[in-house]
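Understanding the architecture of this molecule
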Amino acid sequence: MTNPSAFLILLQISDSSFPTGGYVFSHGLEYMIRTCLITNATELREVVCVHIEEQMSRSDLPLARHVFLIEQANPIAGLSGLDGLAHALKPVPVFRESSQRLGKRLLTSVVHTFPDLPQ
């Protein structure tokens with residue numbers, strides 16, 4: 001990314017403090033820490049690694065790869081097919097629906113926060 005303004009916007013919307021409601025999708029991490037199921041850095045690392053290997057590697061990361069490849073080739077034409085891929089990569093309805101809600105909130109927040117962005 002060569003545009004400094006675009007990079008700044010990307011940093012802002014990627015920040016965990018950006019108001020999308022994403023804090024509710026921690027997959028129980030806060031609960032595990034609060035109830036002492038995770039008590040040290042080693043246990044935290046194990047939980048995060050399992051989440052990455054067992055869930056993200058099969059859904060979010062392949063989708064992110066496709067987004068990156070499409071953005072490099074033809075962003076407008078390629079993005080239209082991603083909805084079906086996202087649906088297929090998240091076969092569990094509750095995860096798929098929560099991901100969709102979070103995406104809609106993110107898009108709504110970005111549009112309201114940065115009204116001058118091309119749409």
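Predicted model only: the values in this text are computed from it and were never measured. (Residues numbered from 1 in each chain as written. Predicted model: local features only at pLDDT ≥ 70, side-chain atom pairs only at ≥ 80, totals over all residues. Heavy atoms only, no water.)

**Some remarks on helix H7 (residues 93-113)**
Given a rise of 1.5 Å per residue, 21 residues ought to cover 30 Å, and the 30 Å separating the end C-alpha atoms of H7 matches this to within 8%. Those residues of H7 lying buried are Arg96, Ser98, Ser109 and Val110. Taken around the axis of H7, the buried residues stretch over an arc of 165°, which confines them to a single face. With respect to the buried face of H7, the exposed residues turned more than 90 degrees away are Lys104, Leu107 and His112. Those residues of H7 that are buried lie in contact with helix H1 (4-14) and helix H6 (82-89). (Helix = DSSP H or I, 4+ residues; strand = E, 2+ residues; numbered from the N terminus. Expected span 1.5 Å × (residues − 1). Buried < 20%, exposed > 50% of the residue type's maximum accessible area, 1.4 Å probe, protein only. Arc of directions from axis to C-beta. Contact = heavy atoms within 4.5 Å.)

**Considering the pattern of salt bridges**
Counted by the stated rule, this structure contains 2 salt bridges. Glu54 serves as the salt-bridge partner of Arg58, at 3.0 Å between the closest nitrogen and oxygen. Since its relative accessible area comes to 46%, Glu54 is described here as partly exposed. The salt bridge involving Lys90 is made with Asp60; its shortest N-O contact spans 2.9 Å. In this pair, Lys90 is assigned in the loop between H6 and H7 and Asp60 in helix H4 (residues 60-73), connecting sequence segments 30 residues apart. (Salt bridge = Lys/Arg side-chain N within 4 Å of Asp/Glu carboxyl O.)

**Some words on a nonpolar patch on the surface**
A contiguous nonpolar patch, built from Ile33, Leu44, Val48, Ile52 and Leu61 and spanning about 370 Å² of accessible area, is present on the exposed surface. If you tally residues by element for the nonpolar patch, the top one is helix H3 (residues 41-54), at 3 residues. Turning to its location among the elements, Ile52 is positioned in helix H3. Taking relative accessible area as the criterion, Ile52 reaches 36% and is therefore assigned partly exposed. (Patch = residues over 30% accessible without salt bridge, like charges linked within 9 Å, V, L, I, M, F, W, Y side chains within 5 Å. Areas by Shrake-Rupley, 256 points an atom, 1.4 Å probe, with all protein chains shown as cover.)

**Observations regarding the packing of H4 against H6**
Orientation of H4 relative to H6, taken along the N-to-C sense of each, is 165°, at an axis distance of 10 Å. Classified by the angle between their axes, H4 and H6 sit roughly antiparallel to one another. Seen along the crossing, H4 lies across H6 with a hand that is right-handed. Contact with H4, carried on its side by Pro62, Leu63, His66, Val67 and Ile70, involves Leu82, Leu85, Ala86 and Leu89 of H6 and no other residues of that element. By residue class, the composition of the contact of H4 with H6 is 8 nonpolar, 1 polar and no charged. (Axes fitted to C-alpha atoms, helices over the stretch in contact; angles between N-to-C directions. Parallel < 35°, antiparallel > 145°, perpendicular 65-115°, else oblique. Left-handed = near helix turned anticlockwise from the far one by under 90°. Nonpolar A, V, L, I, M, F, W, Y, C, P; charged D, E, K, R; others polar.)

**Focus: the side chain of Lys90**
The class for Lys90 is buried, based on a relative accessible area of 12%. At 2.9 Å, the side chain of Lys90 forms a polar contact with the side chain of Asp60. Apart from the residues lying within four places of it in its own chain, the contact partners of Lys90 are Ser59, Asp60, Phe95, Arg96 and Ser99. (Polar contact = N/O pair within 3.5 Å; in protein donor to acceptor, adjacent residues only side chain to side chain.)

**What about the confidence of the model for the chain?**
Looking at the chain, pLDDT values average 80 and 84% of them are 70 or higher. Confidence scores differ between elements of the chain, with helix H5 (residues 75-79) showing the lowest mean pLDDT of 69 and H3 the highest of 91. (pLDDT = per-residue confidence, 0-100.)

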